[in-house]
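Breakdown of the fold
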Amino acid sequence: MRFLSRTTRIYREIYIIIALFDIWISDSVLASSQAEIDKHLELGKKLLAAGQLADALSHYHAAIELDPTNYQSYFRRATVYMAIGKSKPALPDLDKVIELKPDFATAYLQRGGIYLKTGQLSDAKADLRRVLELDPSNAEAAKQIEQLTPLAEFAENARNLAENGQYTDAIDFLTRALEISPMDADLRALRADAYEAIGEGFKAASDLRAINRLTTDNTAGHLRVSHLFYRLGDPEQSLNEVRECLKLDPDHKDCFKHYKQVKKVAKAFDAVVKSSEEKQWDVCLQSLEKLTKTIKQKSAGLTRQMDSYQCMCGAKNGDSAAVDVCSRVLEAEPGNADALCNRAEAYKHQDMFNEAIADYQKVLETDKNNQRAKEGIADAQKKLKSSRRRNYYQILGVPRSARKREILKAYRKLAAQYHPDHYKGNDKASAQRKFIDISDAKEVLTDEEKRAKFDNGQDPLDPEQQHEGFNSFGGGGFTFHHFDPFEHHQQGNGGHFEFRIKKRKQYDSGHDPLDPEQQQGGGGGPGFQHFNQFFQGSGFQFRFHFN
């Protein structure tokens, strides 16, 4: 018995020692854990103040893992969630705070505020009243409670108006309601429907996107927005939204079907945009043709976008259809400055300068500082003045955008018809004048420098505009336009020259400025003597134009 008693006593002493050791260890661990928790909370607080919200959040996660009963850790994490706009995960944390500390008024205030923003009015009312029970002087809670009644009235009025088709008035009430409850998905959906009903598609899309951010796994919402952007004529945004749908559900049948079609359209549309940005107007028009063939499902918005690009690219490229296309754009948007300027450019390509000036003036009436319109109207006025002279494009019957090959083709055809040696008609004098005009037109339009001058309102064959000429014949005033006659003669070539003589007044008064007998100095003066001696027997033909 003594042995057993002694053994029992030893075991009892060992037990006491172990128990005391466990208590010591537990206290040490608790002290260590609390120090670690405090460290995470302090770091989280500093990072939160510095705006490093993601890092702050990670420290609050760690603090909660170490001690799931610390209400401060939950509250601070909820504060970070709300700071980064994630109210949904903040709610469970605030619920836990209130569970652990039922008299924490600030937690009720934060949760009531979330309920108010999301449109959960009864829950918001209960929390805000609890705040005032705990803290009767809380001004923020009192202010939010005062918003509950008008918010409910705004929402009710909006629903009634929308049901009666009074969408504009409904939108007004919904906007006022959403100022108080911006995260109310139902109110945003109602306003999106109202915006669509009055044709404000992009505003509707904005509300629908907000709803998609507020909800999870909303494949139907992303598909709806994708269809809406397609109808609005924005295939790139349409493609982005349908991709979001497929991220949520890769096997979504309707999203995948829409994705295949939109992807092709977006690619073709991107080619149009890119070529226009690079000012490759030919490529732009070709890309528009490809886009038209790609589209299987037409939309009014996409058609308007295509018309806008065809208006711009066609006008820049001198396309004959550009005026009609731009006019179609302006029917939908009468004040579209770009479309007006583009149509004005298209008018100028067709030598309709008065119409071009009128379009530029419309732009300047609303925006007097529009540089494109200011430069355009000056150019159109200059070309209008120039158009009263010979129009070389009209003479050859080619558009202003014609390439050199097209110009030469037109020239050869007309030259064969009006050449003095081949003309079959009776009015040979008229044919000869026509042939000279044709030759002049070919000369100007096939020479890049001369054509540029003509396109800028100058006639490079008009001596009065050029203020220069060949004048080595003793004051005779001869101007050679086609080539250097001396160089041509020395090469042994035949041909013809055209002279423009600044002696029109002498001729009109009965004096022939080319008659040597009528020139001073008897035999025509030194200029004509040199002229006759140099070209005598050369086989050249000469034509003279009087200015």
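Being a predicted model, the structure only gives us computed values, none of them experimental.

Conventions and cut-offs
- Residues numbered from 1 in each chain as written.
- Predicted model: local features only at pLDDT ≥ 70, side-chain atom pairs only at ≥ 80, totals over all residues.
- Heavy atoms only, no water.
- Disulfide = S-S within 2.5 Å.
- Helix = DSSP H or I, 4+ residues; strand = E, 2+ residues; numbered from the N terminus.
- Buried < 20%, exposed > 50% of the residue type's maximum accessible area, 1.4 Å probe, protein only.
- UniProt positions renumbered as here; feature names shortened; annotations may be inferred.
- pLDDT = per-residue confidence, 0-100.
- Contact = heavy atoms within 4.5 Å.
- 1 Å grid on protein atoms, 1.4 Å probe; cavity = no way out; pocket = protein on both sides within 12 Å on 5 of 7 lines; lining within 4 Å.
- Points joined across faces, edges and corners; volume = space filled by probe spheres on them.
- Nonpolar A, V, L, I, M, F, W, Y, C, P; charged D, E, K, R; others polar.
- Domains from an automatic or database assignment.
- Polar contact = N/O pair within 3.5 Å; in protein donor to acceptor, adjacent residues only side chain to side chain.

Using the criterion set out here, one finds three disulfides in the structure. Put simply, Cys 245 and Cys 255 are joined by a disulfide, and their sulfur atoms are 1.9 Å apart. Between Cys 245 and Cys 255 the sulfur-sulfur dihedral comes to about 85°; the bridge is accordingly right-handed. Placement of the pair is Cys 245 in helix α12 (residues 235-248) and Cys 255 in helix α13 (residues 253-277), with a sequence separation of ten residues. For the residue pair Cys 245 and Cys 255, the accessibility class agrees, reading buried in each case. The disulfide partner of Cys 311 is Cys 326, and the gap between their sulfur atoms is 2.0 Å. Residues Cys 311 and Cys 326 are joined by a disulfide whose S-S torsion is about 100°; by sign, that bridge is right-handed. Taken as a pair, Cys 311 in helix α15 (residues 300-317) and Cys 326 in helix α16 (residues 322-332) lie far apart in primary sequence, 15 residues in all. Its relative accessible area of 1% is what places Cys 311 among the buried residues. Once the disulfide-bonded cysteines of the protein are ranked by sequence position, their pairing pattern turns out to be 1-2, 3-5, 4-6.

The next subject is the UniProt feature "repeat: TPR" (unreviewed entry) in the protein. Residues given the UniProt feature "repeat: TPR" (unreviewed entry) here are residues 37-70, 71-104, 105-138, 219-252 and 337-370. The span residues 37-70 carries 79% helix and 0% strand; its end-to-end C-alpha distance comes to 9 Å. Between the first and last C-alpha atoms of residues 71-104 the distance is 10 Å; the span itself is 79% helix and 0% strand.

In this section: the confidence of the model for the protein. With 79% of its residues at a pLDDT of 70 or more, the protein shows a mean pLDDT of 82. Helix α25 (residues 485-490) is the least confidently modelled element of the protein, averaging 42 in pLDDT, while helix α8 (residues 167-180) averages 97, the highest of any element. Low confidence marks residues 17-31, where pLDDT is under 50. Its contacts with residues over four positions away, or in another chain, come to zero contacts. Scored below 50 in pLDDT, residues 468-508 shows 106 contacts in the model against residues more than four places distant or in partner chains.

Turning our attention to the layout of surface pockets. In this model, the largest pocket occupies a volume close to 520 Å³. Along the walls of the largest pocket sit 22 residues, with Lys 316, Asn 317, Gly 318, His 349 and Ser 401 positioned nearest its centre. The greatest single-element share of the lining of the largest pocket, amounting to four residues, is contributed by helix α19 (residues 371-387). Here the lining of the largest pocket is built from residues that sort into four nonpolar, five polar and 13 charged. Looking at the lining of the largest pocket, you find at least three residues from each of domain 1 (318-389) and domain 2 (394-454).

The next thing to look at is the side chain of Ser 226. Residue placement: Ser 226 occurs in helix α11 (residues 219-232). Only 2.7 Å separates the side chain of Ser 226 from the backbone oxygen of Ser 238, close enough to count as a polar contact. For Ser 226, the residues in contact, after removing those within four places along its chain, are Ser 238, Glu 241, Val 242 and His 258.

On to the side chain of Asn 218, then. You can see Asn 218 is positioned in the loop between α10 (201-214) and α11. Taking the relative accessible area as the measure of exposure, Asn 218 reaches 18% and is therefore buried. Of note is the side chain of Asn 218, whose polar atom sits 3.3 Å from the side chain of Thr 215. Contact partners of Asn 218, with chain neighbours within four places excluded, come to Ile 211, Asn 212 and Leu 248.

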